[in-house]
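Given next are the chains, with one letter for each unit.
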Amino acid sequence: MANVIKLRKGLDINLKGKAKDEKVNIGKSSEYALVPDNFTGVIPKVVVQEGDNVKAGDALFVNKKFPEVKFSSPVSGTVTAVVRGDRRKVLCVKVKADDNQQFVDFGKKDVGSLDATAVKQSLLDAGLFGYINQLPYAVSTTPNTEPKAIFVSALRDMPLAGDFEMELKGNEKYFQTGLDALSKIAKTYLGIGRKQSAEALTSAENVEINVFDGPCPAGNVDVQINHLDPVRKGDVVWTVDPSVVIFIGRLFDEGVVNLTRTIAIAGSMVKSPTYADLLVGTPLADILKDNIVEKGSARIINGNPLTGMKSSLDDYLGAHTSEVTVIPEGDHANELLGWILPRFKEFSASHSYFSWLFGKKKEYDIDARIKGGERHIIMSGEYDSVLPMDILGEYLIKAIITDDIDKMEQLGIYEVAPEDFALAEFVDSSKLELQRIVREGLNMLRKENA
Amino acid sequence: MSSLRNYLDKIRPNFEKDGKLHAFKSMYDGFDSFLFVPNTTSKVGTNIHDAVDSKRIMSIVVIALMPALFFGMYNIGYQNFKAAGTLADATFWPIFFYGFLAVLPKIIVSYIVGLGIEFAWAQWKHEEIQEGYLVSGILIPMILPVNCPIWIMIIAIAFAVIFAKEIFGGTGMNIFNVALIARAFLFFSYPSKMSGDSVWVANDTILGFGNKLADGITCATPLGQIAQHVTVPCSLSDMFTGFIPGSIGETSVIAIAIGALILLCTNIASWKTMLSVFVGGAIMAIIFKATGSTSIPWYEHLALGGFCFGAVFMATDPVTSARTETGKYIYGFLIGAMAIIIRVLNPGYPEGMMLSILLMNMFAPLIDYCVVQRNISRRMKRLTSNK
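Residues numbered from 1 in each chain as written. Chains lettered and ligands numbered in written order. Predicted model: local features only at pLDDT ≥ 70, side-chain atom pairs only at ≥ 80, totals over all residues.

Participant: Help me understand the overall build of chain B, please; the structure alone is not making it clear to me.
Facilitator: Looking only at helices and strands, chain B has 16 helices and zero strands in total. Over its C-alpha trace chain B gives a radius of gyration of 23 Å, about what one expects of a compact globule, namely 21 Å for 387 residues. A principal-axis box enclosing the C-alpha atoms of chain B has dimensions of 70 × 65 × 35 Å. Across the 387 residues of chain B, 51% fall into the buried class. Counted over contacts in chain B with a minimum sequence separation of 6, partners at least 24 positions apart contribute 72%. (Helix = DSSP H or I, 4+ residues; strand = E, 2+ residues; numbered from the N terminus. Rg over C-alpha atoms; globule rule 2.2 N^0.38 Å. Buried ≥ 20, exposed ≤ 12 C-beta atoms within 10 Å, placed from the backbone. Contact = placed C-beta atoms within 7 Å.)

Participant: Where do I start with the interface of chain A and chain B in this structure?
Facilitator: Many descriptions give the size of an interface as the accessible area lost when the pieces come together. Contacts between chain A and chain B engage 61 residues on the former and 51 residues on the latter. Only β18 (298-302), α8 (393-401), α10 (422-427) and α11 (434-449) of chain A provide two or more residues apiece to the side of chain A that touches chain B. The leading source of residues in the side of chain A that touches chain B is α10(A), at four residues. Considered class by class, the residues forming the side of chain A that touches chain B number 26 nonpolar, 19 polar and 16 charged. (Nonpolar A, V, L, I, M, F, W, Y, C, P; charged D, E, K, R; others polar.)

Participant: Before we go on, may I ask you to explain the domain arrangement of chain B in this structure?
Facilitator: As far as domains go, chain B holds domain 1 (2-35), domain 2 (55-268) and domain 3 (269-387). For the side of domain 1 of chain B that touches domain 2 of chain B, the per-class residue count stands at two nonpolar, two polar and two charged. (Domains from an automatic or database assignment.)

Participant: What should I look at first to understand the domain arrangement of chain A in this one?
Facilitator: Residue and element names in this part refer to chain A. Annotation of chain A at the domain level lists domain 1 (3-21 + 107-254), domain 2 (28-100) and domain 3 (370-450). Between domain 1 and domain 2, the C-alpha centre-to-centre distance is 25 Å. Contacts between the two partners involve eleven residues from domain 1, matched on the other side by 13 residues from domain 2. Of all elements in the fold, only α1 (116-126) and β11 (139-140) reach the threshold of two or more residues within the side of domain 1 that touches domain 2.

Participant: Explanation requested: the sheet that holds strand β8 (residues 77-84) of chain A in the structure shown.
Facilitator: Where strands meet in a sheet, backbone hydrogen bonds hold them as pairs that are either parallel or antiparallel. Residue and element names in this part refer to chain A. If you walk across this open sheet you meet the four strands as β3-β9-β8-β5, and the pairing is antiparallel. At either margin of the open sheet sits one strand with a lone partner, and together these are β3 (31-34) and β5 (53-54). Across two bridges, the pairing between β5 and β8 is antiparallel. By the bridge assignment, V54 is partnered in β8 with G77. (Pairing = 2+ DSSP bridges.)

Participant: Mind showing me how you'd approach α1(A) here?
Facilitator: Along an α-helix, residues three or four positions apart point the same way, because every turn accommodates 3.6 residues. Residues and elements named next belong to chain A. Along α1, the positions that sit buried rather than exposed are V119, S122, L123 and A126. The buried residues of α1 occupy an angular sector of 95° when projected down its axis, which confines them to one face. Those residues of α1 that are buried lie in contact with β7 (70-72), α3 (172-185) and α6 (242-254). (Arc of directions from axis to C-beta.)

Participant: Would you mind showing me how to read the environment of B:K272 here?
Facilitator: Of note, B:K272 is situated in helix α12 (residues 271-291). A C-alpha to C-alpha distance of 9.4 Å links B:K272 and B:I330, two positions 58 residues apart in sequence.

Participant: What is the right way to look at the packing of helix α4 (residues 92-125) of chain B against helix α6 (residues 150-165) of chain B in this model?
Facilitator: Packed helix pairs are specified by the crossing angle of their axes together with the interaxial distance, meaning the distance between the axes. Residue and element names in this part refer to chain B. Look at α4 against α6: their axes get within 10 Å of each other, and the N-to-C directions meet at 30°. One element, α4, and the other, α6, form an angle in the roughly parallel class. Of the two elements, α4 crosses α6, and the hand of that crossing is right-handed. Of α6, the residues touching α4 (which contributes P105, K106, V109, S110, V113, G114, I117 and E118) are I150, M153, I154, I157, A158, V161 and I162. Considering only residue class, the contact of α4 with α6 consists of eleven nonpolar, two polar and two charged. (Axes fitted to C-alpha atoms, helices over the stretch in contact; angles between N-to-C directions. Parallel < 35°, antiparallel > 145°, perpendicular 65-115°, else oblique. Left-handed = near helix turned anticlockwise from the far one by under 90°.)

Participant: Just to check I follow, could you spell out the nonpolar core for this structure?
Facilitator: Soluble globular proteins tend to pack their nonpolar side chains together in the buried interior. Ranked by size, the top nonpolar core spans 234 residues in total, and within it A:L396 and B:A182 carry the most contacts. Considering each element in turn, this core owes the most residues, 14 residues, to helix α3 (residues 54-84) of chain B. (Core = buried A, V, L, I, M, F, W, Y, C linked by C-beta atoms within 7 Å.)

Below, the structure written as structure tokens:
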């Protein structure tokens, strides 16, 4: 029986428009794009030119500081554009897909016979290494790190998040191969939710399985690490998205880079919320074609409403995105006297609204308004009530705001990622941008320690 | 509703930069966000937000204060009619109206002065107007004696808002509770208007309501009388219902309990702070009773004076209280204990709640510092022991 870790702090937000447990076929798109910003902390150096022909698996750009870390094309075809923004920052590399997809052959390999160096080298060659993230700093990892452990969380419990078990169906073999490969590099932990029952999860091999029982953010890998083997100064741990584990499994079992993920298309503004198998870099316009309710303006999110990026139809499916959600923007709501009216339709973790009386089954349609003005931190204990980690969230935030590096280290900034503060940002009555603040703190320390 | 929105949108350009009325931008924003929930949407970070904001929280606190306020109004009339000896002939409404008329000008003036300073300050700093004064503005009249002259109150409010709040950076940054600073200012600057025998019962007619009292009628608070070693002049049930002389909002334990219930149900006040104030007060009072330093039992100590009001509405102010969960227990306990110590051992002041809370406001950051340091050292230990 796996170790069960019970978490009490947190908050489940029950949003309208959850994806139904079925998959639709969205078909191929004509153009795909890989976005360097999806790989946090990577400064890209583009290695292709417009007009170049690439196969699926050929590098489009590399990490400037570690050129061996490649990021490969999801499809075969012709590079149509390297889009640059201010100060020539690379925004995305677009590839027009061929009708006949061709894959670079990396050769099938038996993971059991490989050692850590060989596994690492295979991942580097295939352009999958950069998909692995690390703590501290919550950035895409680099080959000079020696992880003390690797953590995979198969639980996605953010509101409207895509259920990983939907993706696992049919990919069980690849998932296990991926775990085998990671366990060659360092001790690997697999965190699963109490309700997850797929055999590929509950009886995965070569990993330590821990069951996390509690409300969101129990599925956040950083929360799990905090309870299993906290990160100390100088430590590095790798965190791997379960979809990436499947990518890795496919690489060893099939010898190809196949960046197909199962994406939930969800949200109250989606006509028929469902799942679909899609390649990283698929245009959101194709994913959401004829599927957005035409009523008021919509907020399209690359990811879930708590941690996802605000996007538009011109954007592309993110590399670490497991769902595309559409919620009302709400910029024309014109709600009268919100400070005193009962507002039965609004959801609040605070009991100053009535949503706590309606039970957990009621679904809410929350729009993208901030619903208040930014203030100094007034209420105490708000952040800590939704942060199930041994960390004083409010004091960490204050340390970051005041640029106090010693305090940040002492209060555990190496253990957190911005998304751990997503719920705190949601409940914050002072409406501070906590995820941005945490990211700035992490960036500052990364620069200091470099 | 939409016409109101359209009107606000139409006049908005006047308040923008280079507009004629740019000097009143903060005020326009204040009224706009008071009438309508802002339509601003998130740009980075979470795409959805909780419906709660500081306006909502402050409003709930004001609502929680209402029972105590309305009871206080009634009690003012009650004490006036009682002192005049005409209580038996009076009905509910004249009694209530008398008190209402006595308190209303204080509330209006409090808001005009306090919010006026807030608005001006926000405009000067080019900030949004912060809601903190919504609560302070009603607290200040409620913790003053009914006969406190309004001009004195104006000075106190101006002092408190500017020197206790704005110079620290506004709501959320203040060290001391603003309402208590206003009261402390009066307490030390105008002691004769704030304590003594004559200020606790309104003694003049207002618009034909009430009775003009003769000079020299004794109407001190029970705590004042106890300090002068007079026997307790009221029954325990009077103390709970609140038909005793005292500051406007502080007398009724029942009305304050309703407010406490609202604050606790909505999770706005911390039950940890509130409970530990009572525990601290009770333990200290039991000790003093056992040693013979005080003449009244512990539950009367908790029911009299500003103890309940302070515990429910002042000690739980999230900004000035301890912010760590463990710290809240320590902070509350020391407030309760210190209030009783000041009451019993200090010959000068019959009431100690205000001074005790202000004292602990000062120590709250120290308590938090210790709690945070404990977390840090535990973390350090974990880091070294794991190696």
